[in-house]
Amino acid sequence: MKFSKLAQYYEKLEATSKRLELVDILSKLFKDSNAKEIGKICYLIQGRVAPFFEPIEIGMAESMVAQAVARAYGPTSPRLRGVKNPKDEVLKLYRRKGNMGLAARELAAKHHHSGDLTVGEVFEELVKIAKFTGKGTVEQKVSTLAEILKSLDPVSVKHVVNIPLGTLRLGIGDPTVLDALSIAKKGDRTLRPILEDAYNKTSDLGYVVETFFKHGESGLKNIKLVVGKPVRPALAERLPSAEEAVKRLGSEFAAEPKFDGFRVAAHKDGDRVSLFSRNLENTTHAFPDLVEGVKKEVRAKSAIIEGEAIAYNPQTEEFLPFQETTKRRRKYKIEEMAKELPLVLFAFDLLYLNGKNVADKPYRERRKLLSEIIHKEGRVVRLAEERVLHKADEIKKFFDEAVSEGLEGLMLKKLDSPYVAGGRGFHWIKFKRSQAGELTDTVDCVLLGVYAGKGKRTEFGVGGLLVGVYDKKKDEFVTISRIGTGLTDEEFRKVNVMARKLRVSHKPARVNAKIEPTFWVKPKEVLEIYADEITKSPVHTAGEKNGVGYALRFPRLVKFREDRRAEDATTVNEIEKMYHAQFKKR
């Protein structure tokens, strides 16, 4: 496929925010694609040249892209010809347009492009840019991008320059892509669960789609867990009480402490260890102590282990608070902080062992296998405590013990359940924050917009936040609260820094809102929020029916959840259950 044809599809996708239209446009694009290029197309739709977990970034800032645009069109653009510093002129136009792609398209209008590159050719050149390292890297990146731009039409140029900057405005989530793939090949959405299962096992959209196009439905079913490709973590459901949990779990179930740390998937293949966060980020470089611990203390040739990493004092057997643990998420002085604040990985599940997928085995079997490969006296990797319980009173007793030790609560698990990658279900139930013998919980919200600061908050740049939750059925983010209190001065400043990086010029396509903040941000950052209760509101769009949605009453920030993807935030379905559970307690 010529890139110019892909660019026309980009134009159509950018022009709508209606999910059905997005699915229809994408399905037509996929019908026009072949097995050799489909994986590349899916990465490019995500604004990437590799899956999210691979640390391959194109690595070009606005100044570098502007330099490439100036070099490509300086001789032919009336606006740039004869200008002393063409790059500055490009940046001026970019600031006026609000988007580098729009600026580049205007400058490319008078340029006679020298060819019509294919999708594969553009993709390979972008990969080349991402892999340049060492002396002369900036010049190599700029000159290579300039050469790409010279060979493209203005519409293609608009989209290509937005890829290195991460500013593609297509508004497409993974579920939308998976629906479109099913429709393209089957004419309906019936293949979506099989596609989703394969994606959850590998977290690599390009790999899954290429397999699908080459080998069909049977190829998808044969996709297995791969050491080195992160598995989308299983997620837990909420229930309002211990009694309700017993009804779901049966007369015998497992209970483990719920640690308030970083969810970690440790992939071991011989002496090679990779670590992945809950949001599928490769964090191997950030935790050298965990890497060494997995190498030395996990007795297996190959394994995928799930656990929670938490700052822990082995002398006092004291779990440190999340605020201490989170200090380990850093880019600099990593070794120094590893010595100052060591982590312990409390392993609680096993998905893969010595070349075999064990995720489909019942939990009780996975737990037994896990206990056989974790050293009992491990200093860095330890087996999470597990108790087999039978009654609601036993849950409450274990819960009180866990909370008294500074933990969040309990995870309750069905003994006969498989590991369901990327899925929520009542095979896992989280039991947090007891109040009068009942369960309450916080809400993981996505930052959607920012209100400007007034008075004292002017110096912070932030006066309030607009937050939302995820509507999985519609693959969109819906508003649930405005937050103006409960943040410290330091937290307001942190939000300001965060928001400046994510600020966009218009409401993102995947955001459904009735109200308008001072400015919108990309739905990426997750905040854990505590509120007095969930109420109904005509202002918000979460679970909206007949013009009325759900809202949080008296919301307060608990903490920033850098380990969560926006799509792993609390869902509308969960909010509805929490809303109705309130009335059972009264």
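Keep in mind that what you see is a predicted model, and the values were worked out from it rather than measured.

## Topic: empty space enclosed by the protein
Then, number 1: Using the criterion set out here, one finds four cavities of 30 Å³ or more in the structure.
Then, number 2: One number sums up the size of the largest cavity: a volume of about 310 Å³.
Then, number 3: In terms of lining, the largest cavity is formed by 22 residues, of which the most central are Lys258, Arg263, Glu308, Met411 and Arg564.
Then, number 4: Partitioned by chemical class, the residues of the lining of the largest cavity number eight nonpolar, one polar and 13 charged.
Then, number 5: There is about 60 Å³ of room inside the second largest cavity.
Then, number 6: As for the second largest cavity, its lining consists of Arg238, Lys258, Glu408, Lys430, Lys432, Thr442, Val443, Asp444, Glu528, Arg561 and Arg564.
Then, number 7: Going through the elements one at a time, strand S12 (424–432) and strand S15 (443–451) are the ones with two or more residues in the lining of the second largest cavity.
Then, number 8: Classifying every residue of the lining of the second largest cavity by side-chain character gives one nonpolar, one polar and nine charged.

## Digging into the pattern of salt bridges
Then, number 1: A complete count under the given rule lists 52 salt bridges for this structure.
Then, number 2: Salt-bridge contacts for Arg278 lead to Asp568; the nearest nitrogen and oxygen are separated by 3.9 Å. Within this pair, whereas Arg278 is found in the loop between strand S4 (272–277) and helix H14 (288–297), its partner Asp568 is found in the loop between strand S25 (556–560) and helix H20 (572–584), the two being separated by 290 residues in sequence. Neither Arg278 nor Asp568 differs from the other in exposure class; each is buried.
Then, number 3: Of the charged contacts, one joins Glu533 and Arg553 as a salt bridge, the two residues approaching to 3.4 Å between their closest N and O atoms.

## Concerning helix H1 (residues 3–14)
Then, number 1: Relative to the 16 Å expected for twelve residues at 1.5 Å per residue, H1 spans 16 Å between its end C-alpha atoms, a close match to the ideal helical length.
Then, number 2: Listed in full, the buried residues belonging to H1 are Phe3, Ser4, Leu6, Ala7, Tyr9, Tyr10 and Leu13.
Then, number 3: Lining the buried residues of H1 we find helix H2 (19–31), helix H3 (35–45), helix H7 (119–131) and helix H9 (154–165).

## Structural notes on unusual backbone geometry
Most peptide bonds take the trans form, and the phi angle of most residues other than glycine is negative.
Then, number 1: The phi angle at Leu280 is positive, at roughly 75°, despite the residue not being glycine.
Then, number 2: Here Leu280 lies in the loop between S4 and H14.
Then, number 3: Classification of Leu280 as buried rests on a relative accessible area of 7%.
Then, number 4: A positive phi is found at Asn354, a non-glycine position, where the angle reads about 50°.
Then, number 5: Here Asn354 shows up in the loop between strand S7 (343–353) and strand S8 (356–357).
Then, number 6: Using a relative accessible area of 42% as the deciding quantity, one classes Asn354 as partly exposed.

## A look at a positive patch on the surface
Then, number 1: A contiguous patch of positive charge, built from Lys473, Lys474, Lys536 and Lys545, is present on the exposed surface.
Then, number 2: Along the chain, Lys474 falls in the loop between strand S16 (464–471) and strand S17 (476–483).

## Details of helix H18 (residues 392–404)
Then, number 1: The terminal C-alpha atoms of H18 lie 19 Å apart, and with 13 residues this matches the ideal 18 Å at 1.5 Å per residue to within 8%.
Then, number 2: Every buried residue of H18 is accounted for by Ala392, Ile395, Phe398, Phe399 and Ala402. Down the axis of H18, the smallest arc covering the buried residues is 125°, so these residues share one side. Exposed and oriented more than 90 degrees from the buried face of H18 are Asp393, Lys397 and Ser404.
Then, number 3: Among the residues trailing H18, Gly406 stands out with phi positive, at a value near 90°.

## Observations concerning the sheet that holds strand S24 (residues 548–553)
For sheets, the rule is that strands pair by backbone hydrogen bonds, running either parallel or antiparallel.
Then, number 1: Here we have three strands laid out as an open sheet, ordered S22-S24-S23, and antiparallel in their pairing. Both edges of this open sheet fall to strand S22 (533–537) and strand S23 (542–545), since each of them pairs with a single strand only. Here the average twist between neighbouring strands, direction ignored, is 35°.
Then, number 2: Relative to S24, S23 runs antiparallel, the two being bridged by two bridges. Residue Lys545 lies in a different strand from S24, and its bridge partner there is Val548.

Reading guide: rules and limits
- Residues numbered from 1 in each chain as written.
- Predicted model: local features only at pLDDT ≥ 70, side-chain atom pairs only at ≥ 80, totals over all residues.
- Heavy atoms only, no water.
- 1 Å grid on protein atoms, 1.4 Å probe; cavity = no way out; pocket = protein on both sides within 12 Å on 5 of 7 lines; lining within 4 Å.
- Points joined across faces, edges and corners; volume = space filled by probe spheres on them.
- Nonpolar A, V, L, I, M, F, W, Y, C, P; charged D, E, K, R; others polar.
- Helix = DSSP H or I, 4+ residues; strand = E, 2+ residues; numbered from the N terminus.
- Salt bridge = Lys/Arg side-chain N within 4 Å of Asp/Glu carboxyl O.
- Buried < 20%, exposed > 50% of the residue type's maximum accessible area, 1.4 Å probe, protein only.
- Expected span 1.5 Å × (residues − 1).
- Contact = heavy atoms within 4.5 Å.
- Patch = residues over 30% accessible without salt bridge, like charges linked within 9 Å, V, L, I, M, F, W, Y side chains within 5 Å.
- Areas by Shrake-Rupley, 256 points an atom, 1.4 Å probe, with all protein chains shown as cover.
- Lys, Arg positive; Asp, Glu negative; His and termini not counted.
- Charge placed at Lys NZ, Arg CZ, Asp CG, Glu CD.
- Arc of directions from axis to C-beta.
- Pairing = 2+ DSSP bridges.
- Axes fitted to C-alpha atoms, helices over the stretch in contact; angles between N-to-C directions.

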